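# A closer look at the structure
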Amino acid sequence: MAPSFRDLQLTSVNSGGRKPASIAAVAGEGDLEDVGLLDSYEDDEESGKGDILGEGMKEIQLSVSGMTCAACSNSVEGALKSVNGVLRASVALLQNKAVVVFDPKLVKDEDIKNAIEDAGFDAEIFSEPSSFQKKPHRTLMGQFAIGGMTCAACVNSVEGILRKLPGVKRAVVALATSLGEVEYDPTVISRDEIVNAIEDAGFEASLVQSSEQDKIILGVAGLSSEMDVQLLEAILGNIKGVRQFSIDKLLRELEVLFDPEVINSRSLVDGIEGGSSGRFKMQVRNPYTRMTSKDLEESAKMFRLFTSSLFLSIPVFLIRVVCPHIPLVYSLLLRRCGPFLMGDWLKWVLVSLVQFVVGKRFYIAAGRALRNGSTNMDVLVALGTSAAYFYSVCALLYGAITGFWSPTYFETSSMLITFVLLGKYLESLAKGKTSDAIKKLVELAPATALLIIKDSGGKFVGEKEIDALLIQPGDVLKVIPGAKVPADGVVVWGSTYVNESMVTGESAPALKEVNSLVIGGTVNLHGALHVEATSIGSNTVLSQIISLVETAQMSKAPIQKFADYVASIFVPTVIALALLTLLGWYIFGALGAYPESWLPENGNYFVFSLMFSISVVVIACPCALGLATPTAVMVSTGVGATNGVLIKGGDALERAQKVKYVVFDKTGTLTQGKASVTTAKVFNGMDRGEFLTLVASAEASSEHPLGKAILEYARHFHFFEEPPKTKDIQSRNKESNDTGWLLDVTNFSTVPGRGVRCFIQGNQVGNRKLLTESGIDISAHAENFLEELEESAKTGVLVARDNTLIGVLGIADPLKREAAVVVEGLLKMGIKPVMVTGDNWRTARAVAKEVGIHDVRAEVMPAGKADVIHSFQKDGSIVAMVGDGINDSPALAAADVGMAIGAGTDIAIEAADYVLMRNNLEDVITAIDLSRKTFARIRWNYVFAMAYNVIAIPVAAGVFFPWIRVKLPPWAAGACMALSSVSVVCSSLMLRRYRKPRLTTILEITVE
């Protein structure tokens, strides 16, 4: 029996190797601290990290000074590892620290220090060396917002920095979301130290959220003066359970660390508001809302920089292009003021503001990249604009000294920066739209809830509106018509219909009565409800869906490794090409290979060559390559979530587009999973009611769906066969649910794949195998009856007592109405469907024939389904497995793409890559089709990004200039570079228009 969603949690696939072959059913009162975005990240850290060393090993820490870059830290690390007896050495550049594990019998502390000094660095041993013995610490997961990343090279740089920090287990950074997730040991490193490390590398960083359950961030309304701050500090100091707190007066935010065993978050908020006599109003900060506000701030900042640059650049452009045609204005600009003309002074001042004030961010970003031993787009922008700016300054000074005035190119620098900032602004807007899916999911959760207050005797006292983030398990909440359900829970009073389409994708409203389960974020349509909260915070279905979407958006598809590699060599290659362009044009000009008429007015060969070189530097765009995959994956996973298809990572998305075989489980996947008894035949003259009582008593302890169907049929037979004359509906239901009519059972046992055994006068219930293995004879009459059942796609259940067959039950599980059409649709898509089941061959073939599947594997035990998957994978084919996620976990884990089909809340699938929220097979086609369209889009993105650079760089270098006499000015090259990354993001955003494939289209059906 599938467990209810109160007992289960969505968890992410751990693809560090291959998926685990079991399903994790996590208790509802647990938390998600060990389940996060990194569970889908392919960990390629050194295998030795974190191992527990044997006795006798020693660890020391040393401060190392004199290191300036990654090459220095690598040099120190190499020197340490070359020392005989050193088992492991790790050097942290940012902390100027080395951690060394060694055998003290072979090497001494001083030898290690001397090895570092021999490498040319200063070293000092920390005063407290410790015997190395790892203690079991629970790691925490922290999510950090990282600003200033522009391309894949920045991502690689930040990831490298984080992974080198002591205490950091894993780290993954996503460019498209500007987020980093770090798993770390809080006893070794704090989150503030992680933030400082990122900032020391030149990026902006702030903590978004942590898996710590004892921390809360509150917005404080009413905090306006120093007196208010002192009052708040006094109140917090008097609240028991508060460990520490910090107040941000500027943001009016309060961060509190508390002991959850002494005080909960709601009591803490009540204590603060009550202690201030209502002066302060507290509001829990939602981490996702804070992230959205940061995105808006980043876009606003880019817009301010762009408008400032534009405002300063327009006069420069007018001075160069328009003013020479206006005599009066031009005469003013030609007036000499000191050593320079008035026009030159104006351009120099205006462009200096653009170059060093507005464009300061490019220098900072380029500096941090070079400091970390990498290069990125900012290096190219800083290099290109600086070349144009400083050449122009030198030309002015040279003219003032010698009287020979060369043309200046100040407008090149300012317009280049303006166009780049425009591109960055448009890119930030477009990237913000790629995460719309998560924003919409977050908006599903209501901001407040109506808490029903009861006295100690359980009597209703009143209602109170509270922040939805302060709901505690066990709270009884009132949900009025039209309101959203504030948390996952169970209905304790009332009846209504609830719209669950926004979570499960099912369009039909669901009836909710007492003891019905409800999902937070769904909409109550009609009646009022009282709901007892069972799951809150990160344990709710909605939060776990958001977590899964985030997991997929943070993960890297294997195809992205290509972009990461190209990004690592891109900038050095472009700079080399720019130098070749400069030298080539200059040398050929000096040798007279081209006429002087090609030179600009008052120009020379160097200026002519320099403009080509600058154009090469600024037109090359590594950003487009870096954004090609993550933006498409972000949009695709969001679109999937809105269509009820949850994707657990970019690697799963990439594999799904290559699927050749789709293997279906039968029960609950192709069929409705609602087995019902259609036939009951008794062979020995026993009374039908007695026969059913015997069978129901045997199956009452079984968890199998067929056992449940038999029990329900017998219950219906006894209590509903004749309409009751004196009992009303309620008493009838009560009686039907009573188990007093069942016989006592002893020695009950289940035989997997065969049936059950128990003692009720020696009763056995099972299939043909069970009775044959028990030596029970099956008569020809019974065999013929059984064959008739199986050939009509029904499952036959044999019943024996005292080693004698006494009857047969026929059980039917109707097919899903869309099963046959979906199978035909897969065939049209070039995918071969396969059915695997533990049922007998006759029933399996009958079901397969009905849905149109030709390849059938029957009488397969649950563990054997994985072997079936492996048999298809032998020739390298990609195999998808579709199962219910409960009994099919070995096969889901073995498949290249595991698809767990769940009815909304019955989802606890760790082994699957895809979770199909609706219990509808059409979503299998949607999942594969979405994957194909996503990777078609990614390929187009790469083709565009590569083609852009392949075509644009030769044009900028002037390769075609001798024939067409057209060259690309640096400012135009900058505009092309800025728009290239925007166009890639916009291309990815086209996926937002994705619509589910219509089966009539796939099947080429013409509707009249």
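For the structure given in this document, a descriptive report is provided here. (Residues numbered from 1 in each chain as written. Predicted model: local features only at pLDDT ≥ 70, side-chain atom pairs only at ≥ 80, totals over all residues. Heavy atoms only, no water.)

### Here's the deal with a nonpolar patch on the surface
A cluster of nonpolar side chains, L310, I314, F317, L318, V321, V322, I326, L328 and V329, forms an exposed patch at the surface whose accessible area comes to about 690 Å². The greatest single-element share of the nonpolar patch, amounting to five residues, is contributed by helix α7 (residues 287–321). Position of L328 among the secondary structure elements: in helix α8 (residues 327–333). Given a relative accessible area of 64%, L328 falls into the exposed group. (Patch = residues over 30% accessible without salt bridge, like charges linked within 9 Å, V, L, I, M, F, W, Y side chains within 5 Å. Areas by Shrake-Rupley, 256 points an atom, 1.4 Å probe, with all protein chains shown as cover. Salt bridge = Lys/Arg side-chain N within 4 Å of Asp/Glu carboxyl O. Helix = DSSP H or I, 4+ residues; strand = E, 2+ residues; numbered from the N terminus. Buried < 20%, exposed > 50% of the residue type's maximum accessible area, 1.4 Å probe, protein only.)

### As for the pattern of salt bridges
Overall, the coordinates contain 19 salt bridges when judged by the stated rule. Residue R715 pairs with E712 through a salt bridge whose shortest N-O separation is 3.4 Å. Here R715 pairs with E712, and both are found in helix α22 (residues 705–720), just three residues apart, close to one helical turn. By relative accessible area, E712 is classed as partly exposed at 45%. One network of salt bridges, with partners in common, ties together D651, R655 and D913.

### Quick look at the packing of helix α9 (residues 342–358) against helix α10 (residues 360–371)
The geometry of α9 relative to α10 is characterised by a closest axis approach of 4 Å and an angle of 40° between their N-to-C directions. The angle between the axes of α9 and α10 places the two elements in the oblique class. Taken together, the residues of α10 that come into contact with α9 (itself represented by Q355, F356, V357 and V358) are K360, R361 and Y363. Taken together, the residues of the contact of α9 with α10 break down into four nonpolar, one polar and two charged. (Axes fitted to C-alpha atoms, helices over the stretch in contact; angles between N-to-C directions. Parallel < 35°, antiparallel > 145°, perpendicular 65-115°, else oblique. Contact = heavy atoms within 4.5 Å. Nonpolar A, V, L, I, M, F, W, Y, C, P; charged D, E, K, R; others polar.)

### Considering the packing of helix α25 (residues 780–791) against helix α27 (residues 841–851)
Closest axis-to-axis distance for the α25/α27 pair is 7 Å, and the angle between their directions is 25°. Taken together, the axes of α25 and α27 lie roughly parallel to each other. Counting all contacts with α25, which are made through E783, E787, E790 and E791, the residues of α27 involved are R842, T843 and A846.

### Some words on the sheet that holds strand β34 (residues 855–857)
Reading across the sheet, the seven strands line up as β25-β37-β36-β35-β26-β33-β34 and stay open at both edges, with mixed pairing between neighbours. With one partner strand each, in any of the chains shown, β25 (645–647) and β34 form the two edges of the open sheet. When the angles between neighbouring strand axes are averaged without regard to direction, this sheet yields 20°. As paired elements, strand β36 (residues 897–901) and strand β37 (residues 914–916) share three bridges and run parallel to each other. For A900, the partnering residue across the bridge sits in β37 and is V915. (Pairing = 2+ DSSP bridges.)

### Brief notes about the sheet that holds strand β20 (residues 496–499)
Strand order in the open sheet made by the three strands is β21-β20-β23, with antiparallel pairing throughout. Whereas interior strands pair on both sides, the edge strands pair on one side only; in this sheet they are β21 (510–512) and β23 (523–524). Summarising the sheet, β20 and β23 pair through two bridges and their orientation is antiparallel. Counterpart to V498 in the pairing with β23 is N524.

### Digging into α9
Structurally, the α-helix is built with 3.6 residues per turn, so residues lying three or four positions apart point the same way. In this model, α9 (17 residues) spans 23 Å end to end at C-alpha, consistent with the 24 Å of a helix rising 1.5 Å per residue. Residues of α9 that are buried: G343, D344, K347, W348, L350, V351, S352, V354, Q355 and V358. (Expected span 1.5 Å × (residues − 1).)

### Details of unusual backbone geometry
Although it is not a glycine, N515 adopts a positive phi angle of roughly 75°. Looking at where N515 falls in the secondary structure, it is placed in the loop between β21 and β22 (517–518). Residue N515 is classed as exposed on the basis of its relative accessible area of 61%. Its identity is not glycine, yet E859 carries a phi of approximately 50°, on the positive side.

### Some details on the pairing of strand β33 (residues 832–836)
For β33, a buried count of four out of five residues is recorded, marking the element as mostly surrounded by other parts of the structure. Note: strand β26 (residues 659–665) against β33, five bridges, orientation parallel. Bridged to Y661 within β33 is K832. Note that β33 and β34 share three bridges and pair parallel. When the sheet's bridge partners are listed, V834 is paired in β34 with D855. Once the chain exits β33 it traverses α27 before rejoining the sheet at β34, and the crossover so formed is right-handed. (Right-handed = clockwise from strand over helix to strand, strands pointing away.)

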